[in-house]
Amino acid sequence: MTEFLEGPQGRRIAYNRVEGAGAGVLFLGGFKSDMQGTKAVFLEEWARATGRNFLRFDYSGHGESDGAFEEGAIGDWLADAQAVLSALTEGPQILVGSSMGGWISLLLTRAMPERVAGLVTIAAAPDFTERGFWAEFSDLERAKLLREGRILRPSDYGEPYVITRRLIEEGRAHLVMEAPLPLSFPVRFLQGTADRDVPRSEERRVGKECLRLCR
């Protein structure tokens, strides 16, 4: 059953929780995804079957949570994740981050290392606003974004993504691939071979950089 947490700036955050034993598992979804996705639901079913604590949630502007997607940025969604981790879980958690959730999970480990028991990423996309969107934009697209404050980017999942100037500029305050990031717990990086959004070449690059930066 979906419940709600009063999150940062009064935004209600929708979540589903399974009570169980052992270190809890916190699922962090991707960009414009929600907690009804196949990975989140599969993990919840696994948690019920194994008696494990589990929690999935929607960032603000996603799914059933309050807010408009276009108004959000990485710092907002990190704040949502911090609120969920602080208010709805006890003790160190195993973070499972998919795509953008991989970036958010790395930010959580930097902000709240004492609350992390382990990390699993699935097609992680750290720093994607800069290394993905901004790097791939043409000069004309960049000029339009800076002038108009937003552009549309095609999506394989339905309506085009609205990419805002704030998303790009605010994301630069949360980059994780430019400096060492201590990870003193088990870490696993998973990547599908047929992923079109995060190709294997990018995941290998992320993995190599994480091995270099994460100590």
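Residues numbered from 1 in each chain as written. Predicted model: local features only at pLDDT ≥ 70, side-chain atom pairs only at ≥ 80, totals over all residues. Heavy atoms only, no water.

> Break down the packing of helix α2 (residues 74–88) against helix α3 (residues 100–111) for me, citing the residues and quoting the values.
Axis angle and axis distance: for two packed helices, these are the angle between their axes and the distance between the axes, and together they describe the pair. Two numbers describe how α2 lies on α3: the axes approach to 10 Å, and their chain directions differ by 60°. The interaxial crossing formed by α2 with α3 has right-handed handedness. Taken together, the residues of α3 that come into contact with α2 (itself represented by Ile74, Trp77, Leu78, Ala81, Gln82 and Leu85) are Met100, Trp103, Ile104, Leu107, Leu108 and Ala111. Taken together, the residues of the contact of α2 with α3 sort by class into eleven nonpolar, one polar and no charged. (Axes fitted to C-alpha atoms, helices over the stretch in contact; angles between N-to-C directions. Helix = DSSP H or I, 4+ residues; strand = E, 2+ residues; numbered from the N terminus. Left-handed = near helix turned anticlockwise from the far one by under 90°. Contact = heavy atoms within 4.5 Å. Nonpolar A, V, L, I, M, F, W, Y, C, P; charged D, E, K, R; others polar.)

> Describe the pattern of salt bridges, with residues and values.
It is possible for side chains of opposite charge to pair when their charged atoms get near one another. Within the structure shown, the criterion is met by eleven salt bridges. Between arginine 11 and aspartate 80 there is a salt bridge; the shortest N-O distance is 3.1 Å. Here the residue arginine 11 occupies a position in the loop between β1 (3–6) and β2 (12–18), and aspartate 80 occupies one in helix α2, the gap between them amounting to 69 residues. Given the relative accessible area of 12%, arginine 11 is considered buried. The partner of arginine 56 in a salt bridge is glutamate 44, and the shortest N-O contact between them spans 2.6 Å. Placement of the pair is arginine 56 in strand β4 (residues 52–57) and glutamate 44 in helix α1 (residues 38–50), with a sequence separation of twelve residues. Of the two residues, arginine 56 and glutamate 44, both sit in the buried class. (Salt bridge = Lys/Arg side-chain N within 4 Å of Asp/Glu carboxyl O. Buried < 20%, exposed > 50% of the residue type's maximum accessible area, 1.4 Å probe, protein only.)

Fair warning: the whole summary comes from geometry, so function is off the table for now.
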